[in-house]
Amino acid sequence: MVNGRLDAVMDGSILLTEWLEKPEGACCKLLGTLAPDPAIHGPGVGIALQKGNKALAQKLDAAIDALRANGKYKEINDKYFAFDVYGE
């Protein structure tokens, strides 16, 4: 893009945002994001837990839900990113 041989690229928002903040990225701008397609990108990101540890999985899910509900997620997200990393 910098040398003019490309008109557009598609990549991860985090990677592109970091590049746009550098001097090399001054040539360009982020026009938008695309919704993930599970057929291409898979079901999403995750973390590894011990197989069958449903209690821990439920606790993690509840903690994420609580962070999103009480505004702490948005506070942390906005500190580091100019977009919603959660993808909404």
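Relevant structure appears above.
Fair warning: this is a prediction, and the values are worked out from it, not measured in the lab.

What counts, and where the lines are drawn
- Residue positions are counted from 1 within each chain, in the order its sequence is given.
- Reporting in this predicted model follows two pLDDT cut-offs: at least 70 for local features of residues, and 80 or more for side-chain atom pairs to be given and counted; totals over whole chains, interfaces and linings ignore these cut-offs and use all residues.
- Side-chain calculation: all heavy atoms of the structure are included, whereas hydrogens and water are not.
- Under the pairing criterion, centres of Phe, Tyr and Trp rings, with the six-membered ring standing for Trp, must be within 6.5 Å; the plane angle then separates stacked pairs below 30 degrees from edge-to-face pairs above 60, leaving the rest tilted.
- Look at NZ for Lys and CZ for Arg. If either is within 6 Å of the ring centre and within 35 degrees of the ring normal, a charge sits over the ring.
- Any two cysteine sulfur atoms within 2.5 Å of one another count as a disulfide.
- Whether a residue is buried, partly exposed or exposed follows from its accessible area with a 1.4 Å probe, protein chains only, as a fraction of its type maximum: under 20%, in between, or over 50%, in that order.
- Only one rule defines a salt bridge in this text: a Lys or Arg side-chain nitrogen within 4 Å of an Asp or Glu carboxyl oxygen.
- Runs of H or I in DSSP of at least four residues are treated as helices and runs of E of at least two as strands, each being numbered from the N terminus.

Centre-to-centre distance and the angle between the planes together describe a pair of aromatic rings. Scanning the model with the defined rule gives one aromatic pair in all. Geometry around Tyr73 places Arg68 over its ring, the cationic atom sitting 5.0 Å from the centre.

A separate point is the state of the cysteines. Going through the model one piece at a time under the given rule, you end up with one disulfide. Between the sulfur of Cys27 and that of Cys28 lies a disulfide, 2.4 Å long from S to S. Judged by the sign of its S-S torsion, about -70°, the bond between Cys27 and Cys28 is left-handed. Taking the relative accessible area as the measure of exposure, Cys27 reaches 44% and is therefore partly exposed. Among the residues examined, Cys28 registers a relative accessible area of 17% and is labelled buried.

Moving on, we get to the pattern of salt bridges. Taken as a whole and judged by the stated rule, the model has two salt bridges. A salt bridge links Lys74 to Asp78, with the shortest nitrogen-to-oxygen separation between them at 2.6 Å. Taken together, the residues Lys74 and Asp78, both in helix H4 (residues 72–80) and four residues apart, mark about one turn of the helix. When its relative accessible area of 43% is taken as the criterion, Asp78 is described as partly exposed.

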